[in-house]
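Coordinate analysis (summary)
Below, each chain spelled out in residue letters.
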Amino acid sequence: KALIIELNNVRALGGKGISLYELGKFNEASICFDKFLKIEPNNDSMLTFRGLTAFQLGHYQEALTYYDKLLKINPNDKGHLELRDMINQKILELKK
């Protein structure tokens with residue numbers, strides 16, 4: 001029973017993070033995603049949102065780490081490859 005409650009809390013935390021992200025509250029969203037990822041560190045959706053959140057906050061190197069992790073889990077995911085390339089492009093632009 002405790003495990004079911006914990007799973008529901010984790011799902012609620014993920015939902016809250018996504019809602020905060022959609023509202024543009026990226027700092028608050030990142031806190032929810034970080035808590036979620038402590039429990040489910042390889043959750044594809046939450047890693048994706050955490051990477052997007054870091055990107056929105058201008059933390060491009062941090063965002064890159066999330067997409068690198070996602071690509072270790074699923075190396076052929078075109079969406080993650082594209083997002084990683086977008087982040088790398090942004091990093092290169094900032095170095096100019």
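As the structure is a prediction and not an experimental result, all values here were calculated from the model.

**Some thoughts on helix α3 (residues 44–56)**
For α3, with 13 residues, the first-to-last C-alpha span of 18 Å sits near the 18 Å given by 1.5 Å per residue. If you check which residues of α3 are buried, you get Met-46, Leu-47, Thr-48, Phe-49, Arg-50, Gly-51, Thr-53, Ala-54 and Phe-55. At the N-terminal end of α3, a side-chain oxygen is found 3.1 Å from the backbone nitrogen of Ser-45, two or three residues along, and the residue is Asn-43. Just beyond α3, the residue with positive phi is Gly-58, at close to 80°.

**Digging into the side chain of Thr-53**
Position of Thr-53 among the secondary structure elements: in helix α3. Aside from chain neighbours lying at most four places away, what touches Thr-53 is Tyr-21, Phe-26, Ala-29, Ser-30 and Phe-33.

**Let's talk about helix α4 (residues 60–73)**
In a regular helix each residue adds 1.5 Å, so 14 residues correspond to 20 Å; α4 covers 20 Å between its end C-alpha atoms and thus fits that length. Of the surrounding secondary structure, the elements contacted by the buried residues of α4 are α2 (26–39), α3 and α5 (78–95).

**A short note on the nonpolar core**
Grouped together as the largest cluster of nonpolar side chains are 22 residues, with contacts concentrated most on Tyr-21, Phe-33 and Ile-87. Within the residue set of this core, elements represented by two or more residues are α1 (2–22), α2, α3, α4 and α5. Ile-87 has contacts with Phe-55, Tyr-60, Ala-63, Leu-64 and Tyr-67, leaving out every residue within four places of it along the chain.

**With respect to the confidence of the model for the chain**
Should pLDDT be low for a region, the predicted coordinates there are not to be read in detail. Per-residue confidence for the chain averages 90 on the pLDDT scale, and 92% of its residues sit at or above 70. Within the model, pLDDT remains below 50 along residues 1–5, and this stretch shows 0 contacts once partners closer than five positions in the same chain are excluded.

**A few points about the side chain of Thr-48**
Relative to the assigned elements, Thr-48 resides in helix α3. Not counting the four nearest positions on each side in its chain, Thr-48 is found in contact with Tyr-67, Leu-70 and His-80.

**Here we look at the environment of Lys-72**
By the element assignment, Lys-72 lies in helix α4. A sequence separation of 22 residues divides Lys-72 from Leu-94, and the C-alpha atoms of the two residues are 26 Å apart.

Rules behind the numbers
Residues numbered from 1 in each chain as written. Predicted model: local features only at pLDDT ≥ 70, side-chain atom pairs only at ≥ 80, totals over all residues. Heavy atoms only, no water. Helix = DSSP H or I, 4+ residues; strand = E, 2+ residues; numbered from the N terminus. Expected span 1.5 Å × (residues − 1). Buried < 20%, exposed > 50% of the residue type's maximum accessible area, 1.4 Å probe, protein only. Polar contact = N/O pair within 3.5 Å; in protein donor to acceptor, adjacent residues only side chain to side chain. Contact = heavy atoms within 4.5 Å. Core = buried A, V, L, I, M, F, W, Y, C linked by side-chain atoms within 4.5 Å. pLDDT = per-residue confidence, 0-100.

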